[in-house]
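Listed here are the chains, written in short residue letters.
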Amino acid sequence: MCNTAKQVNGVHELDGYSIVVHSHLKWDWVWQRPQQFLARLSRKHSVLFVESPDACDEAPATRTYVRAVTDFPNINVLQIKIPTSRASDLPWVDKERRRVVQSLLRGALGEKFTSIVQWFYDPMAILGFAGQLNEQLIVYDCMDELSLFRGAPPELVHRERELLAVADLVFAGGPKIWRAKREVNPNCFCYGCGVDAEHFGRARDRERPLPDELADLPHPIFGYIGVVDERIDYDLLAHLAASTKGSLVMIGPWTKVDPASFPRRDNLHWLGGRDYSDLPSYAKGFDVCIMPFARNEATRFINPTKALEYMATGRPIVSTPVEDVVAQFSNVITIAEDASRFAEACARAAVQPQWGQIDRGLVLAARNSWDSIVTRLDRHIVEALRSGRAPTVKAA
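Residues numbered from 1 in each chain as written. Predicted model: local features only at pLDDT ≥ 70, side-chain atom pairs only at ≥ 80, totals over all residues. Heavy atoms only, no water.

(A) Quick peek at the pattern of salt bridges. One pass over the full model with this rule turns up 21 salt bridges. Across the pair Asp371 and Arg43 runs a salt bridge, and its minimum N-O distance is 3.2 Å. With Asp371 in helix α14 (residues 370-387) and Arg43 in the loop between α1 (33-41) and β2 (47-51), this residue pair connects regions lying 328 residues apart in the sequence. Residue class for Asp371 comes out partly exposed when judged on its relative accessible area of 34%. Lys44 is the salt-bridge partner of Asp378, the closest N and O atoms lying 2.8 Å from each other. Placement of Asp378 in helix α14 and of Lys44 in the loop between α1 and β2 is noted, with a sequence separation of 334 residues between them. A relative accessible area of 11% means that Asp378 is categorised as buried. Through salt bridges with shared partners, a single ionic network connects Lys26, Glu51 and Asp54. (Salt bridge = Lys/Arg side-chain N within 4 Å of Asp/Glu carboxyl O. Helix = DSSP H or I, 4+ residues; strand = E, 2+ residues; numbered from the N terminus. Buried < 20%, exposed > 50% of the residue type's maximum accessible area, 1.4 Å probe, protein only.)

(B) Fine view of the side chain of Arg159. Along the chain, Arg159 turns up in helix α4 (residues 156-166). Not counting residues within four places of it along the chain, the set of residues in contact with Arg159 comprises Leu90, Asp94, Pro123, Met124, Ile126 and Leu127. (Contact = heavy atoms within 4.5 Å.)

(C) View of the packing of aromatic side chains. Scanning the entire structure with this criterion turns up 13 aromatic pairs. With 6.0 Å between their ring centres and 10 degrees between their planes, Trp31 and Phe72 make a pair best called stacked. Of this pair, Trp31 sits in the loop between β1 (18-23) and α1 while Phe72 sits in strand β5 (residues 72-83); the two residues are 41 residues apart in sequence, bridging distant segments of the chain. Here Trp31 and Phe72 have matching classes, each one buried. Taken together, the ring pairs connect Trp27, Trp31, Phe49, Phe72, Phe200 and Tyr276 into an aromatic cluster. The aromatic ring of Phe301 is capped on one face by Lys176, whose charged end is 5.1 Å from the ring centroid. Between the NZ or CZ atom of Arg182 and the centre of the ring of Trp178, over which it lies, the distance is 4.1 Å. (Phe/Tyr/Trp six-rings, centres within 6.5 Å; stacked < 30°, edge-to-face > 60°. Lys NZ or Arg CZ within 6 Å of the ring centre and 35° of its normal.)

Here it is in structure tokens:
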């Protein structure tokens, strides 16, 4: 997946609020919702992207690294490394990460940060930061039900409750998670998947060359682009690979899973992460785009960004029955209930694409741009700032 950002055009003079982001995801990892939102918001607003601290055996004391993002000059990324010996001391971690950010904002960089909006992806940061940066607003962009993910800290559930209690605005990443969070915070708005349709639409460019890795693979090629983790149904992949004389291609970094446990066949290719700019070239080589998600706790609330990205490529799409996918896209995406039906649907789509589905998908992709979503997000924030809402929960 992507490690390098695409340039977002149309940067304007900075005005209005500035944004301090607390994220469990790294800026340089997979290019997804946080980067799509913040890259566009940075056209008008300064952004400090604070990554969750990393425990480091080699760090006897806290170390910090700050850098500007090359393609987006209004974004600075702060990395924090803390001693491994202190990582389980959560009150200390709360105070230490707060100290680092406050110190940074007292320096030259802080001149860009007035009328601060604190923007949370990481609920674990709430006790350290709520009410501590003289912020005007607290936003929670809830893109996943993180407490259901493998390795989630036990404190996460409590801290997310704190975050939902203090947040002036909650943006939910899909219909199902929106219904859950609005029960706790009524200022919750559903902003699901967006897509850079122009970017992924390059998969339809006849002159675009295929990556060398795909050029000689037997067709049909069933392809996946995304993170490889506990949400993938590995038994389904093994069945799909065994059922075809074609190829199964998995593109994306793996996390929280052991690659030694992945199913192995000569026609099953685990390619790892690829740069965002190269993804349309890989998608061009696919006969069918797949969403092989398991039905487990980690997928109960997912609303996969790749759905619209796949639509923009003009390829047939086959998915397992993820609830938000079924609810939103069942007239565009073929839904298969089990491994056998999934393999059958993939084989059928490769030779008999449903052009009506593909055309409807292209229309949906064109209507759901990241730009349009960010425009609406920005409007919500401005309205909340004008209403004079103020945080009420104080940090630990």
